[in-house]
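Summary of structural features
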Amino acid sequence: MISFENVFKAFGSNHVLRGCTLDVQDGETLTVIGGSGTGKSVTLKLMLGLLKPDSGKIVVDGQDISAMNEDELSQVQKNFSYVFQGGALFDSMTVGENVAFGLRQLGQHPPGDIDGIVKEKLAVVGLQGIEALKPSELSGGMRKRVAIARSIAMSPKYLFYDEPTTGLDPIMSDVINNLIVDLHQKLKQTGVVITHDMRSAYKISSRIAMLYQGQIVQIDTPDNIKNSTNPIVQQFVTGSAQGPIQMQIKAYG
């Protein structure tokens, strides 16, 4: 349903993607892993149409979005929703206003229906009766769940998560992992996640893709990634300081 075909992307002399080929299958949760600065966020922004590739194709539901104008792209982007790494809630708004923000901006629902949708989506993420609170009154885990409620409020076909467990303690991280799995089972949405958290990746993913030096070096099930014989993948998932990635750091650092 989303396909990268030999995608290249550079920023000046920094060649981030170097012939990246990747398919996101309908209904799966695909997690992209890789070291800092390897291009995970750039990959997500390319999928969302926020960046355009230097060459190659990015196909969403059979349409090459890299060749679209802004009006055409905006129609495709209505199928997308994004959970920001820090939640990105508006501090000046209440929880209810935050969750309703996209609904009001898009204008696809009668105004009288929006409050009901807000309550429903907050209940889905396990938060009831907090519509009047401000983000500053919430814990980190609650803010993350409000951000997820805002993202699912528009019933997107594709849901993108940027480091969903960053900044959370291990127990709350597992709560968020369970929520992502539960939402995937209930809503049947296609999910794309980027993370450094291998515990999270193993739990929430249908498949995991390892990005290294601008290319996908392996894409497979969580069990196969965990037991990979690829030395690059094995070093990353075990967090070892020794291996080919460390040698690359020495060569360029």
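Residues numbered from 1 in each chain as written. Predicted model: local features only at pLDDT ≥ 70, side-chain atom pairs only at ≥ 80, totals over all residues. Heavy atoms only, no water.

Digging into unusual backbone geometry
The criterion, for reference: Numbering of helices and strands runs from the N terminus; a helix is a DSSP stretch of H or I covering at least four residues, while a strand is a stretch of E covering at least two.
A positive phi angle, near 50°, is found at Glu163, a position not held by glycine. With respect to the helices, strands and loops of the structure, Glu163 is situated in the loop between strand E7 (158-162) and helix H6 (170-187). The phi torsion at Lys188 lies on the positive side, around 60°, for a residue other than glycine. Examined against the element boundaries, Lys188 turns out to sit in the loop between H6 and strand E8 (190-194).

So, the pattern of salt bridges
For clarity, the threshold we go by: Salt bridge criterion: a side-chain nitrogen from Lys or Arg within 4 Å of a carboxyl oxygen from Asp or Glu. Using a 1.4 Å probe on the protein chains alone, a residue whose accessible area is under 20% of its type maximum counts as buried, one over 50% counts as exposed, and one in between counts as partly exposed.
If you walk through the whole model with that rule in mind, you get seven salt bridges. Residues Lys157 and Asp61 are paired through a salt bridge, measuring 3.2 Å at the closest nitrogen-oxygen approach. Taken as a pair, Lys157 in the loop between helix H5 (140-152) and E7 and Asp61 in the loop between strand E4 (55-60) and strand E5 (63-64) lie far apart in primary sequence, 96 residues in all. The class for Lys157 is partly exposed, based on a relative accessible area of 32%. Here Asp61 falls in the partly exposed class, since its relative accessible area comes to 29%.

Remarks on the domain arrangement of the protein chain
Cut-off, in case you're wondering: Boundary definitions for the domains trace back to an automatic or database domain assignment. In what follows, residue pairs with any heavy atoms lying within 4.5 Å of each other are defined as contacts. Take the accessible area each of two parts loses on contact, using a 1.4 Å probe, and add the two losses: that sum is the buried area. Definition of a polar contact: a pair of N or O atoms within 3.5 Å, with one able to donate and the other able to accept a hydrogen when the atoms are protein atoms, and with sequence-neighbouring residues admitted only if both atoms are side-chain atoms. For this scheme, ten residues count as nonpolar: Ala, Val, Leu, Ile, Met, Phe, Trp, Tyr, Cys and Pro. Four count as charged, namely Asp, Glu, Lys and Arg, and the remainder, Gly too, count as polar.
Entries for the protein chain in the domain assignment read domain 1 (1-79 + 159-169 + 189-253) and domain 2 (86-155). Taking only C-alpha atoms into account, the centre of domain 1 sits 28 Å from that of domain 2. Listed per partner, the contact involves eight residues of domain 1 and eight residues of domain 2. Counting the surface lost from both domain 1 and domain 2, the interface buries some 550 Å², and carbon and sulfur atoms represent 65% of this. Ranking the residues of domain 1 by area buried against domain 2 places Lys78, Leu159 and Leu168 at the top, with a combined share of 56%. On inspection of domain 1 and its partner domain 2, the count reaches zero salt bridges. Summed over the shared surface of domain 1 and domain 2, the result is one residue pair in polar contact (both at pLDDT 80 or more). Across the side of domain 1 that touches domain 2, the residue classes break down as four nonpolar, two polar and two charged.

Here we look at the packing of helix H3 (residues 95-106) against helix H4 (residues 111-124)
Short version of the rule: Lines fitted to the C-alpha atoms define the axes, with helices restricted to the stretch that makes contact. Angles between their N-to-C directions range from 0 to 180 degrees. By convention the crossing between two helices is left-handed if the near helix lies anticlockwise of the far one by an angle smaller than a right angle, and right-handed if it lies clockwise.
As a packed pair, H3 and H4 sit with axes 9 Å apart at the nearest point and diverge in direction by 115°. Pair H3 / H4 crosses with right-handed handedness. Each of Val95, Gly96, Val99, Ala100, Leu103 and Arg104 in H3 lies in contact with H4, whose residues at this interface are Ile114, Asp115, Ile117, Val118 and Leu122. Of the residues assigned to the contact of H3 with H4, the class counts are eight nonpolar, one polar and two charged.

A few points about the nonpolar core
Here is the rule we go by: Here, nonpolar core means buried Ala, Val, Leu, Ile, Met, Phe, Trp, Tyr and Cys residues that are tied together by side-chain atoms lying within 4.5 Å of each other.
The biggest cluster of nonpolar side chains holds 30 residues, and the ones touching the most others in it are Phe4, Leu17, Met47 and Phe160. Setting aside chain neighbours within four positions, we find Leu17 in contact with Phe4, Val7, Phe8, Lys9, Gly39, Thr43, Leu46, Leu211 and Gly214. With 29 residues, the next largest nonpolar core counts Leu89, Ile114, Ile117 and Leu127 among its residues.

Details of the sheet that holds strand E6 (residues 80-83)
What counts is decided by this rule: Only strands that DSSP links by at least two bridges are regarded as paired with each other.
The mixed open sheet is built from six strands, whose spatial order is E6-E7-E8-E3-E9-E10. Only two strands of the sheet have a single neighbouring strand rather than two, namely E6 and strand E10 (215-220). Strand-to-strand twist across the sheet, computed as the mean angle between neighbouring axes with direction ignored, equals 20°. Relative to E8, strand E3 (residues 29-33) runs parallel, the two sharing four bridges. Note on E8: the bridge partner recorded for Leu30 is Val192. Along the sheet, H5 contacts E6 and E7; its crossing angle with E6, the most-contacted strand, is approximately 175°.

Some words on H4
Side chains that are three or four residues apart share a direction in an α-helix, a result of its 3.6 residues per turn. Selection criterion: The span expected for a helix works out to 1.5 Å for each residue beyond the first. In this description, one arc is meant: the one made by directions from the helix axis to the C-beta atoms.
Spanning 14 residues, H4 covers 21 Å between terminal C-alpha atoms, matching the ideal 20 Å at 1.5 Å per step. Among the residues making up H4, those that are buried are Ile114, Ile117, Val118, Lys121 and Leu122. Each buried residue of H4 lies within a common arc of 125° when the element is viewed along its axis, so the set occupies one face. Of the exposed residues in H4, those oriented more than 90 degrees away from the buried face are Gly112 and Lys119. Looking at the buried positions of H4, the neighbouring elements they touch are H3 and H5.

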